[in-house]
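# Examining the three-dimensional arrangement
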Amino acid sequence: MRTVLFHRDFKGFGGGHLKVWHYYNHVRRHPGHIARILFSRQSVWDESNPWCACRNEVDESRSSVQADLLFLAGRDWLTLGSDERERSPIPIINLVQAVQHARPDDARYPFLKHRAIRICVSQEVAAAISETGRVNGPVFVIPNGIDLEELPRPVEVSEKDCDVLIVALKQPDLGGRLMASLKGPGWQIELLTANLPRAEFLKQIARARVTVFLPKPAEGFYLPALEGMALGTIVVCPDCVGNRSFCRPGYNCLRPEYAFESIAVAIKTALELSPAEARQIMDRAGQTAAVHDLMREREAFLRVLENVDNLWINC
């Protein structure tokens, strides 16, 4: 049995934490590995923290666990001393979730020079960090998966009671402008700018005929758009780089340019789709979501995990 040690600084739920939680469970379900995790002292322990149900697996300090492998994401590198970052005695798997890692002004950019086996959540992320010429170690692309069993059942179109839901947690001002611009005969428009419990958030998406997702202008993948496809809503999600591999405009969603006018036009286009056109997009979106089932992500990761020693030696 080999122990894989994770680190988290949990201040509130987000897609980055969700994906680390998924990888944590991938390790837990492998018969040859044990998953352990350390949290920062400032971490929040409420119902939004996915690890609440397994706090017995949480260690108090690095000295309390004998790790055979480290799993780092984001700024987890800072939990290591400078010498260990430079010359780790054990393999490191680094999950890279944002294209911003490749920007010299980003706090995570310096970590690219450290030896690690890197897993990127999209081809766009892999291309961005590889183009820096700083990456030390192999780079794998494992597209993000979603847990289809976790999602509520899609709501029939005839039973949806919201015409447009604007998910603007990351862009509240833009969301407000879009909502003000939508004036139509009897349209029910709702704006979401505050975090909801995850189950409630997914239910809100499922009850909307059209869901407008407003990510940051540059994301590594952007899971909510994929979840929207699985939940049977027409997805409107502007181009945010990392969603290009699965958001195919006119095929399974509408993916306008990241500009107010373009997004506003796409929303109205989505609302004016004929029932047949809407059904075709939703069917294709459902097929896209099925391809991104979490089990496929797990299988791809376990192939890397089982070959980690050879990969580390050849870094």
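Okay, so let's go over this structure. Given the structure is predicted, the values throughout are model-derived calculations rather than measurements.

### Some details on the packing of aromatic side chains
- Per the counting criterion, the structure on display carries 13 aromatic pairs.
- Between the aromatic rings of Phe6 and Tyr24, the centroid separation amounts to 5.2 Å while the plane-to-plane angle is 75°, which identifies the pairing as edge-to-face. Remark: Tyr24 occurs in helix α1 (residues 15-28) and Phe6 occurs in strand β1 (residues 2-8); sequence separation between them is 18 residues. Both residues of the pair, Phe6 and Tyr24, belong to the buried class.
- Taken together, Phe6, Trp21, Tyr23, Tyr24, Phe39, Trp45, Trp51, Phe71 and Phe301 form an aromatic cluster joined through their ring pairs.
- Across from the ring centre of Trp45, 4.0 Å away, lies the NZ or CZ of Arg55, which sits over that ring.
- Arg177 extends its terminal NZ or CZ atom over the ring of Phe260, reaching a point 4.1 Å from the ring centre.

### Details of the sheet that holds strand β6 (residues 117-120)
- Pairing in this open sheet of 7 strands is parallel, and the strands run β3-β2-β1-β4-β5-β6-β7 from one edge to the other. Bordering the open sheet on either side are β3 (58-59) and β7 (139-141), each of which pairs with just one other strand.
- Both β1 and strand β4 (residues 69-73) contribute to a ladder of 3 bridges, which runs parallel. Bridging across to β4, Val4 finds its partner in Leu69.
- Sitting on the sheet, α1 touches β1, β2 (33-39), β4, β5 (92-96) and β6, and the angle it makes with β1 is about 170°.

### Overview of the pattern of salt bridges
- The tally for this structure, following the rule as stated, stands at 18 salt bridges.
- One salt bridge in this structure joins Arg28 and Glu57, with 3.1 Å as the shortest N-O distance. Of this pair, Arg28 sits in helix α1 while Glu57 sits in the loop between β2 and β3, placing them 29 residues apart in sequence.
- Under the relative-accessibility criterion, Arg28 is labelled partly exposed at 34%.
- We note a salt bridge from Arg103 to Asp105, for which the minimum N-O separation is 2.8 Å.
- Arg103 gets classed as partly exposed once you look at its relative accessible area, which sits at 43%.

Procedures and definitions
- Residues numbered from 1 in each chain as written.
- Predicted model: local features only at pLDDT ≥ 70, side-chain atom pairs only at ≥ 80, totals over all residues.
- Heavy atoms only, no water.
- Phe/Tyr/Trp six-rings, centres within 6.5 Å; stacked < 30°, edge-to-face > 60°.
- Helix = DSSP H or I, 4+ residues; strand = E, 2+ residues; numbered from the N terminus.
- Buried < 20%, exposed > 50% of the residue type's maximum accessible area, 1.4 Å probe, protein only.
- Lys NZ or Arg CZ within 6 Å of the ring centre and 35° of its normal.
- Pairing = 2+ DSSP bridges.
- Contact = heavy atoms within 4.5 Å.
- Axes fitted to C-alpha atoms, helices over the stretch in contact; angles between N-to-C directions.
- Salt bridge = Lys/Arg side-chain N within 4 Å of Asp/Glu carboxyl O.

Note that every value here comes from positions in space, so none of it alone points to a role or purpose.
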